[in-house]
Amino acid sequence: MNVDLTLVFLGLLVFSAHLFFSVYNRKKIPDVLFLIIVGLLLGPVFKLVNVDSFGVSGPVFVAITLVVILFEGGTSLSINVMRSSWKSTMSLTMICFFISMLLVAGVGLIFDMSLLSSLTLGAILGGTSSAVVIPLVKILDIGEESRTVLVLESAATDVLCIVFTLAFMHAMQMGSLNVGAIVGNILSSFVLAGLLGFAAALVWSRIITQIRKLQNSIFTTPAFVFVIYGIANLLGYSGAIAALVFGITMANITTIKNKFLLKVMGGHGHLLNRTEMIFFGEIVFLLKTFFFVYIGISIKFSDMRSILAGLMITFILFFGRIVIARFFSPKSANSFDKMIISLMIPKGLAAAVLAGMPLAAGLPGGEFIQNVTYSVVLFSITWVS
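What you see as residue numbers is a count from 1 along each chain, following the sequence as written. pLDDT decides what is reported in this predicted model: residues at 70 or higher carry local features, side-chain atom pairs at 80 or more are listed and counted, and totals for whole chains, interfaces and linings draw on all residues regardless. Based on all heavy atoms of the structure, the side-chain values leave hydrogens and waters out of the count.

Enquirer: Honestly, the packing of helix α2 (residues 31–45) against helix α13 (residues 274–298) in this entry has me stumped. Any pointers?
Expert: Two quantities define a packed helix pair, namely the angle between the axes and the distance from one axis to the other. Here α2 crosses α13 at 45°, and the two axes come no closer than 6 Å. Considered as vectors, α2 and α13 are oriented oblique to each other. Our pair here, α2 against α13, has a crossing hand that is right-handed. Along its contact with α2, which presents D31, V32, L35, I36, V38, G39, L40, L42, G43 and P44, the element α13 presents K288, T289, F292, V293, G296 and I297. Grouping the constituent residues of the contact of α2 with α13 by class yields ten nonpolar, four polar and two charged. Orientation is described by lines fitted to C-alpha atoms, with helices fitted over the stretch in contact, and by angles between N-to-C directions that extend from 0 to 180 degrees. Secondary structure elements follow DSSP: runs of H or I of four or more residues count as helices, runs of E of two or more count as strands, with numbering from the N terminus. For classification, angles of less than 35 degrees are called roughly parallel, those exceeding 145 degrees roughly antiparallel, those between 65 and 115 degrees roughly perpendicular, and all remaining angles oblique. Left-handed is the label given to a crossing in which the near helix is rotated counterclockwise from the far helix by less than a right angle, and right-handed is the label when the rotation is clockwise. In this description, contact between two residues means that some pair of their heavy atoms is separated by no more than 4.5 Å. Charged means Asp, Glu, Lys or Arg here, nonpolar means Ala, Val, Leu, Ile, Met, Phe, Trp, Tyr, Cys or Pro, and polar covers whatever is left, Gly included.

Enquirer: Quick question: what am I supposed to make of the pattern of salt bridges here?
Expert: Once the charged atoms of two side chains with opposite charge are near each other, the side chains can pair. Salt-bridge detection follows one rule: a side-chain nitrogen of Lys or Arg within 4 Å of a carboxyl oxygen of Asp or Glu. With the rule as written, the count across this model stands at three salt bridges. The closest approach of N and O atoms between K288 and D31, which form a salt bridge, is 3.0 Å. With K288 in helix α13 and D31 in helix α2, the pair connects residues that are 257 residues apart, well separated along the chain. Comparing K288 with D31, the two get one shared label, buried. Residue R212 pairs with E276 through a salt bridge whose shortest N-O separation is 2.9 Å. Separated by 64 residues along the polypeptide, R212 in the loop between α9 (179–211) and α10 (220–234) and E276 in helix α13 bring together distant segments of the chain. Looking at E276, the relative accessible area reads 6%, which means it is buried. Relative accessibility under 20% of the residue-type maximum defines a buried residue, over 50% an exposed one, and the middle range a partly exposed one, all with a 1.4 Å probe and only protein chains included.

Enquirer: Honestly, unusual backbone geometry in this entry has me stumped. Any pointers?
Expert: Keep in mind that most residues, glycine aside, have a negative phi and that most peptide bonds are trans. Even without a glycine there, the phi angle at K47 is positive, about 55°. You can see K47 is positioned in the loop between α2 and α3 (57–74). Since its relative accessible area comes to 64%, K47 is described here as exposed. The backbone of D112 sits at a positive phi, close to 65°, despite the residue not being glycine.

Enquirer: Mind showing me how you'd approach a nonpolar patch on the surface here?
Expert: Together, I37, L41, V45, F46, L48 and F301 line one region of the surface with nonpolar side chains, adding up to about 550 Å² of accessible area. Within the element layout of this structure, L48 appears in the loop between α2 and α3. Judged by its relative accessible area of 56%, L48 is exposed. Every patch collects residues that have over 30% relative accessible area and no salt bridge, joining them within 9 Å if they carry like charges and within 5 Å if they are nonpolar side chains (Val, Leu, Ile, Met, Phe, Trp, Tyr). The method behind every accessible area is Shrake-Rupley, applied with a 1.4 Å probe, and residues are considered shielded solely by the protein chains displayed.

So this is what it looks like as structure tokens:
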């Protein structure tokens, strides 16, 4: 592809992304849907770009997107807010995730996938997209508790998707579903990763004021998150969980009152400032823009089997969600709230990022899992629109 034309396209894409977001605010049509359509036009429709053209940069881009999204998402989670709505959130989140996971796994078995591959697909598609849900519920006239529960659900299910996807992938690599060994390995991996992310946040909170004195230092926090993610993975822990816990801890660092931890931090913790948060938000915006275009390019219309599976999964998840919303919505939810809750099945960035992991790990059925997930992302976002 001509370099000059590529640069022109990238510039126009960023401008278009802002236009799409403006349409989202006014017409309530998710901007990510337009981005996927751009990718579809570039890839499967006009064949201007092939996903194979990205080579090794594709998996690297996926990893960078996952790290930044998890970190930035963690910084938006308040311990106090989570405490106030945890009962309603936990009941809806856990029921929706596990029922959705099992429903998707059932479809996977229908399409001759193995049990573990089906459960992996179910774990990837068990959550909802915070990138779609959060902006949408903020502008809908629903109850405060229902709004809070939906926002927290979209954030919490990202964690569940990551935990169970990695668990089932680990089981496939082991060759058997040894529940005891899997639970032990996963718990140790996640607990140690969480401790690493927590400890890293304490250290970073202590030195961040000194780091800010350096010239052009705003990129140092994302760079530090990359280091933590890489170290955790090299040690055999979950880099994703380490990045998430790092973000959550940095967002709530001032709530720490333990004398020993305060001594480690050299006094009261230092929050990320407004400029840094705006900068991280801009990074997420750019990564989201390019990533959903990448998804559109990656969708293979020639694989009608994955398209059919994706369509079937979308319908099944919607009807399952209707039943769940009827019985597990917050007590304060009225009929309109329950209708909105039943519609909130969009899959987004977390699912799309996780979809590439089985294929990158060389696991059986990895390509089918990725193709089906991308199809469900497209269909579910279209459904909400």
